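# Chain and residue survey
Below are the chains, spelled out letter by letter.
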Amino acid sequence: MTLAVHKWGDENLPAIFCIHGWASNAQVFQPLAALFKDHYHFIAVDLPGFGDSHYQDGDYQLETLMGKLLAVAPEKSSWLGWSLGGMLAVQGALDSPDRIEKVMTLCSNAKFIASKRFKQGVPQPLFNGFMESISDVRVTLRRFAALTVVGEQKDMLQSLKWLQQNTQVPAPSSDVLKASLELLAAIDNQVAIANIQHPCLHMLATDDAIVPHQASQVLNKLNEKHLTSFVPNASHACLVTQPQLVANGILTFMQGLQNA
């Protein structure tokens with residue numbers, strides 16, 4: 001079944017295809033899209049079981065999911081992914097390089113869960129905690145939304161309320177949350193990042209409670225041609241809480257490539 005997409009801005013402008021993160025939906029890109037209405041055409045997809053997209057068993061098999069994303073993405077566009085969405089954008093550039101012009105990841109890592117060999121990830125106990133309570137959808141969504149705004153210096157409760165009202169309605173099922181979280185844990189993009197040749201920007205938030213900004217060290221080592229930048233004093237949900245700072249980073253990257 002075709003994934004739902006949401007569009008903002010003039011269709012004649014260059015397209016940016018946006019992929020949201022876990023326990024969210026396409027509306028998380030609303031604040032960014034509003035800032036870019038005179039520059040880019042934003043096309044944001046709802047992943048299976050989130051927002052307006054339906055879910056079927058097997059949708060979170062990586063190959064299946066990438067096929068569904070490519071089916072609704074513009075033929076030629078830049079891809080912007082937040083968190084899990086950033087990992088999927090990297091996969092898209094590896095699998096279908098001719099379809100994607102540039103890659104931008106926001107608060108996204110090469111690998112989600114930390115290990116002895118990969119220390120800049122989410123601690124295993126934090127992941128286990130979400131997986132163990134995933135049958136309680138309401139609690140899981142509330143906990144995760146709260147975690148995404150940890151690190152904000154102001155308006156934290158206002159941002160949390162916006163996220164809950166706009167990106168978690170309608171609520172996904174526990175099956176969707178579990179399948180998508182298992183995929184998030186399974187993706188290892190270290191080889192992909194090392195090999196993709198696209199212009200690529202990795203943006204990290206300095207006070208992210210989920211993806212540590214120290215992940216920049218790993219990303220820089222994997223591919224020296226890729227750029228990394230930081231959203232200062234910002235949380236995992238910085239595209240909602242501080243969209244202007246994120247937009248500045250995107251615009252600098254995109255315009256820099258045009259002027260190169």
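Each remark here, short or long, concerns the structure printed above.
Residues numbered from 1 in each chain as written. Predicted model: local features only at pLDDT ≥ 70, side-chain atom pairs only at ≥ 80, totals over all residues. Heavy atoms only, no water.

## Some words on the overall build of the protein
- Looking only at helices and strands, the protein features eleven helices and seven strands.
- Whereas a compact globule of 260 residues would reach a radius of gyration of roughly 18 Å, the protein reaches 17 Å, a difference of no more than 12%.
- Across its three principal directions, the C-alpha atoms of the protein cover 50 × 40 × 40 Å.
- Residues classed as buried in the protein amount to 56% of the 260 residues present.
- Here the analysis covers contacts within the protein between residues at least 6 apart in sequence; of these, 75% occur between residues at least 24 apart. (Helix = DSSP H or I, 4+ residues; strand = E, 2+ residues; numbered from the N terminus. Rg over C-alpha atoms; globule rule 2.2 N^0.38 Å. Buried < 20%, exposed > 50% of the residue type's maximum accessible area, 1.4 Å probe, protein only. Contact = heavy atoms within 4.5 Å.)

## Description of helix α6 (residues 156–167)
- Here α6 spans 16 Å end to end across twelve residues, near enough to the 16 Å set by a 1.5 Å rise per residue.
- Considered for burial, the residues of α6 that qualify are Ser-159, Leu-160, Leu-163 and Thr-167. Viewed along the axis of α6, the buried residues span an arc of 100 degrees, placing them on a single side of the element. Seen from the buried face of α6, the exposed residues on the opposite side, beyond 90 degrees, are Leu-157 and Gln-158.
- Buried residues in α6 make contact with α5 (137–149) and α10 (238–241). (Expected span 1.5 Å × (residues − 1). Arc of directions from axis to C-beta.)

## Let's talk about the pattern of salt bridges
- Counting across every chain of the model gives three salt bridges.
- Taking the shortest distance from any N to any O, the salt bridge between Asp-59 and Lys-68 comes out at 3.7 Å.
- Of the charged contacts, one joins Glu-75 and Arg-99 as a salt bridge, the two residues approaching to 3.7 Å between their closest N and O atoms. Here the residue Glu-75 occupies a position in the loop between α2 (62–72) and β4 (77–82), and Arg-99 occupies one in the loop between α3 (84–95) and β5 (100–106), the gap between them amounting to 24 residues. (Salt bridge = Lys/Arg side-chain N within 4 Å of Asp/Glu carboxyl O.)

## Describing the packing of aromatic side chains
- Going through the model one piece at a time under the given rule, you end up with seven aromatic pairs.
- A ring pair is formed by Trp-22 and Phe-130, whose centres lie 6.0 Å apart and whose planes are at 85 degrees; its orientation type is edge-to-face. In this pair, Trp-22 sits in the loop between β2 (15–19) and α1 (30–35) while Phe-130 sits in helix α4 (residues 124–132), placing the two residues 108 residues apart along the sequence.
- The exposure class assigned to Trp-22 is buried, which follows from its relative accessible area of 3%.
- Between Trp-22 and Phe-144 the ring centres are 4.9 Å apart and the planes differ by 80 degrees, which places this aromatic pair in the edge-to-face class. A residue pair is termed long-range when its members are at least 10 positions apart, and Trp-22 in the loop between β2 and α1 and Phe-144 in helix α5 qualify at 122 residues. Note on accessibility: Trp-22 and Phe-144 belong to one class, buried.
- Three or more aromatic residues link up through ring pairs in this structure, and these residues are Trp-22, Phe-130 and Phe-144.
- Just above the ring of Phe-130 sits the side chain of Arg-143; from NZ or CZ to the centre is 4.4 Å. (Phe/Tyr/Trp six-rings, centres within 6.5 Å; stacked < 30°, edge-to-face > 60°. Lys NZ or Arg CZ within 6 Å of the ring centre and 35° of its normal.)

## Quick look at the layout of surface pockets
- Taken as a whole, the largest pocket holds about 250 Å³ of empty space.
- Contributing to the lining of the largest pocket are Pro-31, Glu-152, Gln-153, Lys-154, Asp-155, Gln-158, Ser-159, Trp-162, Asn-233, Val-240, Thr-241 and Gln-242.
- Sorting the residues of the lining of the largest pocket by element identifies α6 and α10 as the ones contributing at least two each.
- Among the elements that make up the lining of the largest pocket, the one with the highest residue count is α6 (three residues). (1 Å grid on protein atoms, 1.4 Å probe; cavity = no way out; pocket = protein on both sides within 12 Å on 5 of 7 lines; lining within 4 Å. Points joined across faces, edges and corners; volume = space filled by probe spheres on them.)

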